[in-house]
Every structure is written in structure tokens, then in C-alpha cells.
Amino acid sequence: MEVLLAPETKQLSKLSDKIFSADLDLALMHYASKIKVLSLDCFDTILWRKTATPIDVFYDLQNRPAFKSLGFTALLRATGETNARKQQIIKNGKSEVQLHDIYRANFPDLNQDLLNRLTEEEMAAEIEACYAFPPLIELILKAYSQGIKIVIVSDTYLRENQLKRLLSQTLPNDINAMIKTIFCSCEYGVSKRNGLFKHVLKKLNLPASSILHIGDNPIADFAAAKDLQLNALHLVHHEDSTTELLRLQAAAASFVEPSIRHTRALSSPFRGVLATNNVSTDKPECLIGYASIGPIMFSFAQFILNEVEQLKLTGKNPKVLFLLRDAYLPSLVCNVLAGKEIGKRVRISRFASYAASFRTEKDINLYLGEVLGTNRFHDMAKQLLIPDNISKPMVEDALSSSDPAYRFMELILHDKMQRLIFKNSAAYRARLKRHLENEAGIEKGDTLVFVDLGYSGTTQRQLEPVFCEEMGIEIVGRYLISLTVPNWHVSRRGLLDPGNCDDRAMRSLVTYIALLEQISTTNEKSVIDYDELGNPIFNESNLGKQQYAKLDSIQAECIRFAKDTVNFFNMTNLKISEQALRDIVMAEITRLLFIPTETEIKYLESFKFDLNLGTDDTFSIFDRAKGLEGLKRRGIFSLFMEKNSVSFRTNTPAELRAAGLELSLSLMMQHRYSLGFTMNDVSFRRETLDVIIIQGNDTTQATLSATLTHDGFFSLWVPVGTCQFQLGILFGRKYQWLEIESTELIRVQAFLTAFESQLTEDCSSNIHYEQMTNNGGKLFNCLSDTSLLALNPTPKTDQNNYLFRVVFRPIVKKSDLLQ
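Residues numbered from 1 in each chain as written. Predicted model: local features only at pLDDT ≥ 70, side-chain atom pairs only at ≥ 80, totals over all residues. Heavy atoms only, no water.

## Focus on the packing of helix H15 (residues 284-313) against helix H16 (residues 328-338)
- In contact at an axis separation of 8 Å, H15 and H16 are set at 70 degrees when each is read in the N-to-C sense. Taken together, the axes of H15 and H16 lie roughly perpendicular to each other. When you trace H15 past H16, the crossing you get is right-handed. Residues Ile293, Met297, Phe298, Phe300, Ala301, Gln302, Ile304 and Leu305 of H15 pack against Leu329, Pro330, Val333, Cys334, Leu337 and Ala338 of H16. (Axes fitted to C-alpha atoms, helices over the stretch in contact; angles between N-to-C directions. Helix = DSSP H or I, 4+ residues; strand = E, 2+ residues; numbered from the N terminus. Parallel < 35°, antiparallel > 145°, perpendicular 65-115°, else oblique. Left-handed = near helix turned anticlockwise from the far one by under 90°. Contact = heavy atoms within 4.5 Å.)

Encoded structure:
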């Protein structure tokens, strides 16, 4: 085992065969006195690509003139290399090939001119994709300064002169001059693992012990070098958790944006940042804040800075306002990228924007049209700025009527009530205006840039006409995600918006976006009003000290990522297109919401959110136990149905991911492509059961089907109206043993909706078992063919119709015992 002298401690420590880029200096310090040559792999060691994989470069190739003229696609380019190697093995027993061999494997009759054009286009694509990896540049500089010779040993289809050209175009001139010898496998006819290092030793005419080789392939760069007694280190790019995240991110990207790896490459410009600055596996906040949220927020911040510059070019003098709470983290990252404060943080919640916008009956009608179906009449009255002493009897009046929603609307639209709303809203607007004057110095003629995570742009939509007509102020919105709304293109843009993204893809993310909102938010409560001086007044909800502590840690890691990325891009002179930023954001948000890692799920499960509508209500973002319970009772189809509903746990995909990848992928597919599946499509597995209905002296028997839900559980539901009859389910005819998960009564109108849990009641106290013994927990033994579960419900007087649902899992079927 090799030994290192650690410079920090001056103590001996063991050097692992695996090494991260942060440890390269330590490795050189250990080997410097022992070696004369530093041998380096080329691709993914000295040179890195801006794409997720080497093959992604081929998607650029397929759009270049010569490739396009032949129909030479990325897939053909990849398979062409495989076929060329097979042909070489057949011809001469060696697998190494050059570019011309690869091209001719697909197109045997290519002339020399076209071969040269294809080669030039591939070289241009590689030059555009590659950049010098800063830690290796530093390593070369330090090794060279100590008199150590630098050579490159590469498994590549590029000839030496081609690789030299690529290096000269991507490395700093002084570094390129330090490289004395290049060994390319295609020119020696053997790869590293098949003998290339023998040629290296022969040409250098040095003992193996005087050479240190470093590369990223554990077989080619480490094992093959070690077999010939060279000193060797395996350069590991990332910890396993980061590798998993990037792999899932790539999968999410191809799913949510089909053009990726079809007509264009998958960009991954932050891979090098993540490799240069290690992401600790034992700190979940580091993985989440640095490797996940960091790239999202960096991309959004770069978009904001670009947009502000574009507005200036049109002659405007934009004042940037970050809308707290959700734009807090974006504001911090924008300041890191700009190197200065680029705007002001103002406190305008959705509640505040609505409260300040009621000027006409139309404004009230539009608000009621959005929220009336929730039946949260007290909260609606609060939003309409109706004092409690007036709203309380109104709500009581509405709830006692046969049509509560219609009655509430009728009371609100009374002339006297509307005048009260208009008066209170005008006063609220004046207080809001003073807040903005205090915080941002707004004045007539300004162009305000509202920055937020976005979606429908409620704050901008509500305040834009007010500010324009009453204050002479223009508002434009710049958002992370901007959905399709009427005239969205007039005054708003998003990094993801209808001009560049499929609306279905964006809505797939917005449905579950509360997790990202909670990570982006400021550590304060939601504003519900302002005092006469414009100082914000906050609600009473509290998300808890533990969540705020985790939030601070995640945000600190995100800021660290932003600073590291600015430095990394400055060193590499990397430039990222808006399309690449968009791809990263779309892919990573999709991955985080639909296919999070186990580490992320465990760390974030305690997170809650508040409704931010003037209420004090808080809800869990996700709950694995409740999610699994819901799957057993309802199955995944219920989630398909409620995809556009408001759910009181906002990230059910995380619950599904914990239960099984196929479940979260199914939900993601349903959202992304708006698939019209029915309940019967989910599974063909059914269990038929005989049911007895007893009403007075009348007895009826029916056969019903129970539907598979999850983990072998089945759900049987029976309409029971207002619960005026008894019900028996003859489990004994089918089963010897079974598990009974739950027995419930559900209002018909809530069945399989997001509001089902609120209108469901446990009815186990109305259940008794005949000739069925409970053997502990929920396990039952049926003693005869007439064993049954009996429901004797209390008759309902609320005029609502109900369903009885029993969820069970067969353990031993009687049919199995007969076989």
C-alpha cells in the first residue's frame, strides 16, 4: 500500500488507488521524487466535454453538412465504430480503428474527399465540445516545474496529429507545449488493456517504476498500467451519490424532452464543477444544495442577468424586484453571478397581489371563479378583505343553504359588499405602494422586472393593470417557469416558457413544484398586509426550526456551487447557451420531483409548506407512510385522475418513488403526455367476491370485482347510499387466510379525488366478523365457506351518498389448497 505525506498534518497517511481531482496535488507530492514521467489519459482526464457523454457529441455531428447529406445519424456513428472494430478483428485480430474505418463501416464506397470532410466536421465538433479540466492543468504545470516529462496515452480513434490539433485548440498554449509525446491506440493497433503501455515503455526507454499514469478508466488506466508495474491512479470523477444523480438526470432529460438524444445532445456543463469541488456523500444538504439545486439556480440566475441586459439594450432602465418569498434564493445566486446586488427583494405574496387588485366587479368575479370550488369560504372572505365580524355570519349563511357556493357568491356580489371590498382594496394598494417605494424607490415611468419562480404569474397578472393605470409603471415578468396564459408573450418570459417548451412538460413540473419553492424560500413567514408606513405584516404559520435549519444548509451549498461555477467557467472560458441552461433545469427539476434519490427523500421528508393565501395552514410535502397507505387503498390510477387537482401533500411522486421506480415513472408519463388511461387499463388482475345485501326482510346477493391496487392488495367498493342497509362480504368462499387493510365509508363525490381523505371515515367500529378469527394485526383466518365481513352502518342524515370500501390482500386462496 502506497504512503503519502499529507501537507496539512505532516503525518503519514495511506494513498488509495482511487483519487479525486482535489487530491492530485497530494499524489504528485508523493510521487514527484520517484518518477521521471507523468503519463495522462486524454478524454475525461485532461480534456472534458460539455456534454453528458462522449456519444452526445454525435448529435451535433449529425446536423453538420457532410453528415447530414449522407443521413449519417448519431446512432449510425456509434454503431459504425462498433462494426468497424469487429471488422478489424476479423481482418487482423486487432480492434483499434481510425475515423476513416468508422465512416466506411457504414458507407463502404465513400471517396477520399467525403472522408476528409467528415473528419473535419468531427474534429470541429470535438473542438467545440471539449475544454481543459483545470485540476489537470494545474497538475501538469506543477509536474513540469519539477522536471517531470509529460506524455499522453489515449485509447482513441484519432491519430496523433489529430489529437495534437485538438489539444492545441483546447489547452492553454504553455500547457500544450509541455506535452512532449502522445501515444494513440489507433496508431499502435492496441488499446491500453491490450498492450499499449508496452509501446510506451519501449519508446520512453524507462523503467516502469519511473512512470506515474493517471486516467479515469479503472481497467484501461489503472489495472492495465499496474499489470506492467507502472505506478497508476484511477481518477474518480464523482462520489457514487453524484454519479447516481447525474445518471437519473440524464434519464429524466430524455423522457421530458424527446428531442434530446434524437436531434440534439444532452448538455452537462456542470459535470466538471461537481468533479472539481467534491460533493460529500455523508451530507445530504450538500448533494441537494450543491449538485441539484445549484445547477437549477445558476441557470435561472444566468437567464435573469441575460434578460436584464436585453431590456437595457431596448432603451429601458429596468428595476429588478425579487418577489419574496420564493425568489429569495434566486436573488442570492444572481448577486453571486453579477458580483453585485442587481435588484431589491420585496415582499409581495399571492395574497397581497389579490388584495390590492379588487377595483371592479369583474376583478371579484375572476377571483371567485378561481377559488369558489374549494368551499373555503372563510379564507375567501379574508382574501376579499372582509372583516371577520362581517364575514362570519356570511359564511354561516352560505353553509346552511342547499348550494353553499352559489349562496356565498350571491352575498359577495351584493352592491354594499362590493363597495366595502373596493374601499379596503384601495387602502391596501396604498400600503403596498408605500412598501415598494421604501424598498425599491419605485416611481412613475419605471419598468419593474418581477422575478419569481413563476408559473401563471399571478402577482404580475393582478398588479400589472393597477400599476400601469394608477401609477404609470410598466411591469414585465421573468420567471423560472412561465405557463401558457392569455397574452403571456407580451410582458413575460421564462427560462422555460411556451416559446421553448411543451406546455405539458412544464405543467408536469408545476403540479409538484412546492418542494422547489420551499427550498428557494426565505426564512420568514408570508406577508398578509402592510402597516401605514409600508412595513410588512406576516401571518402566523411556522414551518419549524428543523426545516429552517435544513433550508439554511441547502441554500449555503447552493451559493457555494454558484461561486465555484463562476470560478470554474472563468478558468475554462466556458460559455453555455440558453438552450443548454434550459435542458439542465428541465432535466434536474424533473429528476428531483419524480425520481429523487433515497438520500434526498429521507432528508426532505420532514419538509412542510404553507398555502401562502392568508391562511395559517401547513401541510407535509410528502409522507412515505401515507403514500404507501394510499397506494394500498386507491392504487396509482387515482393519482392519474387528480393530476390537475390541489392535493394536501404536494409531492406524491416522491412517495411513489419510495414504493417503486415504475410507479413514479408511470405518473411522470401520464403527466408528460396527457395519456387517457382508464382504471381498467392499469391492471387486468381482479378478485371476484360474493356480496350479501340485507335491507329489512329482503336479502340480495351479487358478485363484484375487486381491483388490484399495490403490493398484492385489492380494493372492493360497494355503493351503500345513505347507509340504510347491512352488507356482508363472503371472504370465506375464496380465501383461507387474508389480510384486511382498512374498512371505510367515502362520500361518492370525493371518491378517487384529491379530497377523498377529507371526506372518508373509518368504519371499523361498525364491522364485525362472522367465523373469521383475527390472528394478530390485520391477519384473518376464514373458518368456513360462510365466513364473512359484515357492515352494519349508522344511517346517514346528511343527504350524501356513500361508498363502502374494504382493502384486503389474499394470503392463501382455497383454490391453491386444492392443487
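## Let's talk about the sheet that holds strand S4 (residues 37-40)
- With parallel pairing, six strands are arranged side by side in an open sheet as S3-S10-S9-S4-S7-S8. Bordering the open sheet on either side are strand S3 (18-19) and strand S8 (179-184), each of which pairs with just one other strand.
- Examined bridge by bridge, S4 and strand S9 (residues 211-215) share four bridges and lie parallel to one another. Bridge pairing links Val37 to Ile211 in S9.
- Running over the sheet, helix H1 (residues 24-31) touches S3, S9 and strand S10 (231-235) and is turned about 175 degrees from S10.
- In the packing of helix H12 (residues 218-227) onto the sheet, the strands contacted are S9 and S10, and the crossing angle to S10 comes to about 165 degrees. (Pairing = 2+ DSSP bridges.)

## Observations concerning the sheet that holds strand S11 (residues 318-324)
- Spatially, S12-S11-S13-S14-S15 is the arrangement adopted by the five strands of the open sheet, whose pairing is parallel. Among the strands making up the open sheet, the edge pair consists of strand S12 (343-347) and strand S15 (492-496). Neighbour to neighbour, the strand axes of the sheet diverge by 30 degrees on average, direction disregarded.
- Relative to strand S13 (residues 447-455), S11 runs parallel, the two being bridged by five bridges. Within the sheet, the bridge partner assigned to Phe322 lies in S13 and is Val451.
- Where helix H22 (residues 415-440) meets the sheet, its contacts fall on S11 and S12, and the angle it forms with S12 comes to roughly 150 degrees.
- Sitting on the sheet, helix H28 (residues 578-594) touches strand S14 (474-482) and S15, and the angle it makes with S15 is about 70 degrees.

## Points about the packing of aromatic side chains
- Following the criterion strictly, the structure yields 27 aromatic pairs and no others.
- For the pair Phe72 and Tyr103, a centre-to-centre distance of 5.9 Å together with 85 degrees between the ring planes defines the contact as edge-to-face. Residue Phe72 is located in the loop between helix H3 (65-70) and helix H4 (74-92), and its partner Tyr103 is located in helix H5 (residues 99-106); the two are separated by 31 residues in the primary sequence.
- With a centroid separation of 6.5 Å and an interplanar angle of 90 degrees, the aromatic rings of Phe298 and Phe561 are classed as edge-to-face. Here Phe298, found in helix H15, pairs with Phe561, found in helix H27 (residues 545-572); they are 263 residues apart in sequence, far enough to count as distant. For the pair shown, Phe298 and Phe561 are each scored as buried.
- Site record: aromatic cluster; members linked through ring pairs are Trp48, Tyr131, Phe133, Phe270, Tyr290, Phe298, Phe561, Phe568 and Phe569.
- One Lys or Arg, Lys550, reaches over the ring of Tyr603 and ends 4.5 Å from the middle of that ring.
- Its end group placed over the ring of Tyr802, Lys796 keeps NZ or CZ at 5.0 Å from the ring centre. (Phe/Tyr/Trp six-rings, centres within 6.5 Å; stacked < 30°, edge-to-face > 60°. Buried < 20%, exposed > 50% of the residue type's maximum accessible area, 1.4 Å probe, protein only. Lys NZ or Arg CZ within 6 Å of the ring centre and 35° of its normal.)

## Focus on the nonpolar core
- Within the largest apolar cluster, 148 residues are counted, with the highest numbers of intra-cluster contacts made by Leu163, Ile293 and Ile481.
- Residue contributions to this core peak at 16 residues, all from H15.
- Once residues lying within four places of it in the same chain are set aside, the contact partners of Leu163 are Cys42, Phe43, Ile152, Ser154, Thr156, Leu158, Ile182 and Cys184. (Core = buried A, V, L, I, M, F, W, Y, C linked by side-chain atoms within 4.5 Å.)

## Considering the pairing of strand S16 (residues 527-530)
- Here three bridges tie S16 to strand S17 (residues 536-538), and the two strands are oriented antiparallel to one another. Residue pairing in the sheet places Val527 in a bridge with Phe538 of S17.
- Counted between consecutive antiparallel strands, the loop separating S16 from S17 contains five residues, among which Gly534 sits at a positive phi close to 90 degrees.

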